[in-house]
Amino acid sequence: MQTQTLERLESNVRTYSRSFPVVFTKARNARLTDENGREYIDFLAGAGTLNYGHNNPHLKQALLDYLDSDGIVHGLDFWTAAKRDYLETLEEVILKPRGLEYKVHLPGPTGTNAVEAAIRLARVAQGRHNIVTFTNGFHGVTMGALATTGNRKFREATGGIPLQGSAFMPYDGYLGEADSLDYFEKLLGDNSSGLDLPAAVIVETVQGEGGINVAGLDWLKRLESICRDHGILLIVDDIQAGCGRTGKFFSFEHAGIKPDIVTNSKSLSGFGLPFAHVLMRPELDKWKPGQYNGTFRGFNLAFATAAAAMRHYWKDDTFERDVQRKGRVVEDRFQKIAAWMSEQGVKATERGRGLMRGIDVGDGDLADKITAKAFEKGLVIETSGQAGEVVKCLCPLTIPDEDLLAGLDILEQSVKEVVA
Ligand SMILES: *Cc1c(COP(=O)(O)O)cnc(C)c1O
């Protein structure tokens, strides 16, 4: 495999190609193929961007049909038939059946764009600056979003420019048995706590990059009611946990809460095309025309594939029930692997929701050894968490059972060889 040009010309900033140093050529659903024709099972799936698998045939057909008809590809934020179809489908298939009413802001195409837009909207709408975010939260790496991201590695990459406008609270479970919201509520009620009244709280219901930390459903409900009591907007960053990953279209549905603002990206286009949106309660739409700008606002090809994904997978609950079933398969196996490790004297725990799951092996080096061994055996799987100590499964939701089981077998075998 020829990798010299890649190593010579691509910046040192590259990451995933270090864990998986092969040249990929093709992919279909949960399988990747490299230049030598070797196949891999994909438990990374674009870090949650390929929920419907690589080159999903339904979505590919919608894309090809759209291109074939000379549909508008770029139109700034022109009205297009594709945009109208996207918005109508979102309303009919996703929002209305869930009793949600939102207006849609189409910012630039990445997750961090959506987070920037969401927190800026919250500030504009509320007329104050402070955004409460949580330990281990990950919300993107542009300056505004980075200020709400916990990880020191990313925070240190500003060259010393201070990150401002946010305050960190302990996420659910961060303080062990204590309810971390007691602390937040106490600060809010104390005029001398030093916490400026927040414009908004931004939260992931399951922290993806932060280590598959799962917020309890009661914790999320209480967070919502604290926000309501204090006139704070609740932003759910559903960029990774959304689009079915946890077994519901929106991850917050499990808790029965209604955020004021929601961000989606990663799997929103369904096809791996760059695409993001911000959903807001209609009254919050305080933007003046053009006040938040960008050349790529809403990507028409993504409108076509995203609408096709909603129509194909979300018309009824068949797909979400299947995701929940597969989630239980992974949960069960991960529990067994964690129990086996613990018997060997390596304390390990399983956690997650739906098909967003991880095994915390307590040590980043050990997790790296396990994922490297798995890659040798044909499984692409990554780690997350503050020290990379969580081996995480983000396989396509559409993964065939045989690939799911084969991937789990490889992981189990890799753990056994590394820990033995
Ligand atoms: C990936 C991610 C982002 C950032 O998205 P980018 O497209 O990488 O900018 C923000 N929030 C969450 C929860 C994410 O997982």
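Residues numbered from 1 in each chain as written. Predicted model: local features only at pLDDT ≥ 70, side-chain atom pairs only at ≥ 80, totals over all residues. Heavy atoms only, no water.

Undergrad: How should I be thinking about the environment of W219 in this particular structure?
TA: Within the fold, W219 resides in helix α10 (residues 217-230). C-alpha of W219 to C-alpha of R120: the two residues are 99 residues apart in sequence and 25 Å apart in space. Among all residues touching W219, those that are not within four sequence positions of it are F134, P170, Y171, D172, D179, S180, L181 and V203. (Helix = DSSP H or I, 4+ residues; strand = E, 2+ residues; numbered from the N terminus. Contact = heavy atoms within 4.5 Å.)

Undergrad: What exactly am I supposed to notice about the nonpolar core here?
TA: Nonpolar side chains in soluble globular proteins tend to be buried together. If you look at the biggest cluster of nonpolar residues, it comprises 87 residues, and the most contacted ones within it are F43, F184 and L223. When residues of this core are assigned to their parent elements, the largest contribution, 9 residues, is made by helix α11 (residues 300-313). When sequence neighbours within four positions are dropped, the list of residues in contact with F43 reads L379, V380, I381, K392, C393, L394, C395, I399, D403, L404, G407 and L408. The next biggest cluster of nonpolar side chains, apart from the first, holds 22 residues, and it includes L121, A145, A200 and M280. (Core = buried A, V, L, I, M, F, W, Y, C linked by side-chain atoms within 4.5 Å. Buried < 20%, exposed > 50% of the residue type's maximum accessible area, 1.4 Å probe, protein only.)

Undergrad: I tried to follow the packing of aromatic side chains on my own but got confused; where do I start?
TA: Any aromatic ring pair is given by two values, namely how distant the centres are and how the planes are angled relative to each other. Taken as a whole, this structure holds 18 aromatic pairs when the rule is applied. Ring plane angle 15° and centroid distance 4.9 Å describe the contact between F250 and F252, whose orientation is recorded as stacked. Here the two residues F250 and F252 agree in accessibility, since each one is buried. Ring centres of W314 and F319 lie 5.4 Å apart, and the angle between their planes is 90°; on these two criteria the pair is classed as edge-to-face. Take W314 and F319: they sit in the same class, and that class is buried. The structure contains a cluster of three or more aromatic residues connected by ring pairs, namely Y52, F249, F250, F252, Y313, W314 and F319. (Phe/Tyr/Trp six-rings, centres within 6.5 Å; stacked < 30°, edge-to-face > 60°.)

Undergrad: I'm lost on the sheet that holds strand β17 (residues 390-393) in this one. Help?
TA: The pairing of strands in a sheet happens through backbone hydrogen bonds and is either parallel or antiparallel. Spatial ordering of the open sheet is given by β13-β14-β17-β16, a layout of 4 strands whose pairing is antiparallel. Two strands close off the open sheet at either side, each with one partner strand: β13 (349-353) and β16 (382-384). Each strand axis lies, on average, 30° off the axis of its neighbour in the sheet, ignoring direction. Relative to β17, β16 is paired through 3 bridges, and the arrangement is antiparallel. Across the sheet, residue E382 finds its bridge partner in β17, namely K392. Running at roughly 0° to strand β14 (residues 356-360), helix α12 (residues 318-343) makes contact with β13, β14 and β17 of the sheet. (Pairing = 2+ DSSP bridges. Axes fitted to C-alpha atoms, helices over the stretch in contact; angles between N-to-C directions.)

Undergrad: Help me out: how do you make sense of the site of the ligand in this one?
TA: Close contacts around the ligand come from T110, G111, T112, F138, H139, G140, E204, D237, I239, Q240 and K266, and that covers them all. Contact between the ligand and T112: an oxygen atom at 2.8 Å from a main-chain N or O atom of the residue. The side chain of K266 places a nitrogen or oxygen atom 2.8 Å from an oxygen atom of the ligand. Notes on the ligand: free accessible area 390 Å², of which the protein chains cover 82%. Here the residues of the shell around the ligand sort into 2 nonpolar, 6 polar and 3 charged. (Near = heavy atom within 4 Å. Polar contact = N/O pair within 3.5 Å; in protein donor to acceptor, adjacent residues only side chain to side chain. Areas by Shrake-Rupley, 256 points an atom, 1.4 Å probe, with all protein chains shown as cover. Nonpolar A, V, L, I, M, F, W, Y, C, P; charged D, E, K, R; others polar.)

Undergrad: Sorry if this is basic, but what is going on with the pairing of strand β10 (residues 233-237) here?
TA: Regular strands place their side chains on alternate faces of the sheet. Extensive coverage of β10 is indicated by the burial of 5 of its 5 residues. Burial of the side chains of β10 extends over both faces: L233, I235 and D237 are buried on one face and L234 and V236 on the other. Looking at chain direction, strand β7 (residues 200-203) and β10 are connected through 4 bridges and run parallel. Its bridge partner being in β10, V203 is matched across the sheet by V236.

Undergrad: Sorry if this is basic, but what is going on with the pattern of salt bridges here?
TA: Side-chain pairing between opposite charges can occur once the charged atoms of the two side chains come close. According to the stated counting rule, one finds 32 salt bridges in the structure shown. Note that R228 is salt-bridged to E224, the shortest N-O span being 3.2 Å. Taken as a pair, R228 and E224 lie in helix α10 at a separation of 4 residues, close to a single helical turn. For R228, a relative accessible area of 40% translates into the label partly exposed. What makes E224 buried here is its relative accessible area of 15%. Overlapping salt bridges, with partners in common, bring together E224, R228, D260, R281 and E283 in one network. (Salt bridge = Lys/Arg side-chain N within 4 Å of Asp/Glu carboxyl O.)

Undergrad: Even after reading the chapter, I still don't get the environment of L223, so can you show me in this structure?
TA: Position of L223 relative to the elements: it lies in helix α10. Along the backbone, L223 and T149 are 74 residues apart, and their C-alpha atoms lie at a distance of 19 Å. For L223, the contacting residues outside a window of four places in its chain are F134, L181, F184, V201, V203 and L234.

Undergrad: What's the story with the domain arrangement of the chain in this structure? I'm lost.
TA: Interface size is commonly expressed as the accessible area that is lost once the parts come together. Taken as a whole, the chain is organised into domain 1 (3-56 + 317-419) and domain 2 (59-314). Put simply, the middle of domain 1 and the middle of domain 2, counted by C-alpha atoms, are 25 Å apart. Opposite the 31 residues of domain 1 that make contact, domain 2 presents 38 residues. For the pair domain 1 and domain 2, the summed buried area comes to about 2900 Å², and 51% of that belongs to carbon and sulfur atoms. Contact with domain 2 buries surface across domain 1, with Y52, R353 and M356 losing the most and accounting together for 30% of the total. Note that K392 and E209 form a salt bridge whose closest N and O atoms lie 3.4 Å from each other. Of all the elements in the fold, those that place two or more residues in the side of domain 1 that touches domain 2 are α3 (45-48), α12, β13, β14 and β17. Residue contributions to the side of domain 1 that touches domain 2 peak at 4 residues, all from α12. When its residues are assigned to classes, the side of domain 1 that touches domain 2 shows 13 nonpolar, 13 polar and 5 charged. (Domains from an automatic or database assignment. Buried area = accessible area lost by both parts, 1.4 Å probe.)

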